[in-house]
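Topology and contacts: notes
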Amino acid sequence: MTSPLPTSAFSMKSPFGRRAVALSIAAAVGGFLFGFDSSVINGAVNSIESQFGLTSITTGFVVAVALLGCAFGAVLAGVLSDRWGRLRVMLIGAVMFFVSALGSGLAFTAIDLTFWRLVGGIGIGIASVVAPAYIAEVAPRQIRGTLGSLQQLAITLGIFAALLSNAVLAGVAGGASDTLWLGLEAWRWMLLVEAVPALVYGLLALRMPESPRFLIAKGRPDEARAIFAKLVPEVDLDQTMRELQQRIVTDQKNAGVSLRGPRFGLQPIVWVGIILSVFQQFVGINVIFYYSTTLWQSVGFDESSSFGISVFTSVINVLVTLVAIFLVDRVGRKPILLSGSLLMAVSLGTMALCFGFSTTDAEGAVSLPAPWGPIALVAANLFVIGFGASWGPLVWVLLGEIFPSRIRGKALGVAAGAQWIANFLITVSFPAMSSWSLPITYGMYAAFAALSFFYVLLRIPETKGMELEQTETLFVRQSKAP
C-alpha cells in the first residue's frame with residue numbers, strides 16, 4: 001500500500017532515512033566480507049600453487065571450493081533467518097569469517113587450506129542472504145533500491161580492499177611468496193587480514209536492532225514498534241504496524257506454502273531469481289577478481305604491474321557501482337540491466353578477439369603483441385564498468401524485491417545458492433579452460449551476456465518505486481513462463 005506521506009518524509013536526509021541508511025550500511029558489512037574473501041585469494045594464487053605443488057585443476061578447486069560453502073551457507077541462512085532472526089544468523093557468519101581467516105593464513109597443506117576456505121564460504125553464503133533480506137525489511141520504499149544497492153557497493157569495496165592490501169603486502173615483502181612478518185610469507189598475511197573486518201561485522205551484529213517483521217512474526221510487537229518508531233514518522237506508525245501485522249497473519253495462514261511448484265519442481269518466481277543469479281555469474285565477472293593478477297602475468301606483465309592493474313580495476317568497480325546506486329531509483333532496474341548486458345557482451349567479445357592473437361615462446365611464456373595487450377586491458381575494464389553499473393548491484397536489489405514475503409527467506413536462500421554454484425562452476429573451470437583456449441573461454445562469457453539481454457527484455461518487468469507487495473504480484477504475473 002502506498003504511503004500517504006510525501007516522498008520527502010522518507011528522503012535520505014530525513015532522520016528516518018538516515019537511520020535506515022545506517023542500518024543498511026551495517027548489514028552490508030557482510031557484503032564487504034563477501035567481496036574481500038572472494039578476491040583476497042587473487043594475489044595468493046601463484047604462491048599457493050607453487051608452495052603446495054598444485055596443478056591447474058587443483059588450483060581451481062582450492063580457489064573455488066569456498067563457493068560450495070557459499071551455496072550451502074545461502075540455503076542454510078534462508079531457513080535459519082526465518083527461525084532465529086536476521087541478527088543471530090549474521091553473528092554466526094561473522095564467526096565463520098573470523099575462523100576462516102586465521103585457519104587459511106596459517107594453513108599447513110592444501111587440504112586444510114581447502115577446509116578453511118570452505119568454512120569462510122559458508123560465512124559468505126550466510127551474509128549474501130541475510131543482508132538483502134534485512135535491508136529490504138527496514139528500508140522505506142522510496143529509497144529501497146538505493147539501500148539495496150549498498151550490498152553490491154560493499155562487495156566492490158571489499159574487492160578493492162582485498163586487492164589493495166594484497167598489493168601493499170606483496171610490495172612491502174618484495175613478492176607474495178617472500179617472508180613478511182613473524183616468519184610468515186606475504187600471501188599468508190593477505191588471508192589473515194580478513195580477521196579484522198570479520199570482527200567488526202560481529203560487533204555490529206551485536207548492536208543492530210532485529211528486523212521488525214521477524215519480531216512481529218515471533219509475537220513481539222512492542223519491540224517491533226519501538227524499532228519502527230525510529231524508521232517511520234509517528235503519523236504513519238500505526239498504519240505501518242497494522243499493514244505488517246495483516247501481512248504476517250496472511251503469511252501464517254499460508255504457512256504450508258513451500259517453494260515447490262509446477263515449473264521443474266519450483267514456483268515460477270523462484271526460477272526468475274535463479275536465472276538472474278546464474279546470468280550474473282556466467283558472464284565471468286569473478287574470473288577478473290579471482291584470477292586477474294595471474295592472468296595479466298600470464299600475458300607478459302610482471303607481478304608488480306599485475307597487482308597494480310587489479311587494484312585499478314577494483315577502483316573502477318567501486319566508482320561505477322556508485323553510479324548504479326545513484327541511478328537505480330531514478331532510471332529504473334530494466335533499462336540499466338539491458339545497457340549493462342550490451343556493454344558486457346561487446347567488451348567480452350573484444351577480449352576473446354584479443355586473446356586470439358596471443359603467442360607462446362619456447363619457454364612457455366604467453367604474451368599479447370601490440371596493439372592487442374592494451375586493447376584487452378581496456379576491454380576488461382569496460383566489462384567491469386558494464387557489470388558494476390548494472391548486473392552487480394541490481395540483481396541484489398531484485399532478489400530483495402521479487403519474492404512473496406511468505407517465502408522470501410527460503411527463496412532468497414535458493415537464489416543465492418544458485419548464484420554460488422554458478423560462480424563455483426565458472427571459477428573452478430577457468431584455469432583449465434584458459435590453458436586450453438582463452439578466446440573460446442571469453443567468447444562463452446560474451447554469449448551469456450548476450451542471452452542475459454534477451455531474458456531481461458522479455459521476462460523482467462520494471463519495479464521502480466513500487467511497494468514490495470506490488471512487485472511480488474507483478475513478478476508472479478510475468479514469471480509464468482521463465
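Residues numbered from 1 in each chain as written. Predicted model: local features only at pLDDT ≥ 70, side-chain atom pairs only at ≥ 80, totals over all residues. Heavy atoms only, no water.

1. Points about the side chain of Ser341
For Ser341, the position within the fold is in helix H15 (residues 333-355). The exposure class of Ser341 is buried, given its relative accessible area of 1%. Filtering out sequence-adjacent residues up to four positions away, Ser341 remains in contact with Trp391, Ala449, Ser452 and Phe453. (Helix = DSSP H or I, 4+ residues; strand = E, 2+ residues; numbered from the N terminus. Buried < 20%, exposed > 50% of the residue type's maximum accessible area, 1.4 Å probe, protein only. Contact = heavy atoms within 4.5 Å.)

2. Details of the packing of aromatic side chains
Taken as a whole and assessed by the stated rule, the structure comprises eleven aromatic pairs. Look at Phe355 and Tyr442: their rings are 5.5 Å apart centre to centre, the planes differ by 15°, and that puts the pair in the stacked class. Placement of the pair is Phe355 in helix H15 and Tyr442 in helix H18 (residues 438-459), with a sequence separation of 87 residues. Site record: aromatic cluster; members linked through ring pairs are Phe355, Phe430, Tyr442 and Tyr445. (Phe/Tyr/Trp six-rings, centres within 6.5 Å; stacked < 30°, edge-to-face > 60°.)

3. Re the confidence of the model for the protein chain
Here the protein chain averages 77 in pLDDT, and 81% of its residues register 70 or above. Here residues 1-9 is modelled with pLDDT under 50, and outside its nearest four sequence neighbours on either side it reaches 20 contacts, counting other chains as well. (pLDDT = per-residue confidence, 0-100.)

4. Structural notes on unusual backbone geometry
Of note in this structure, Leu182 is not a glycine but carries a positive phi near 55°. Among the secondary structure elements, Leu182 is positioned in the loop between helix H6 (144-173) and helix H7 (186-192). Classification of Leu182 by relative accessible area gives exposed; the value is 75%.

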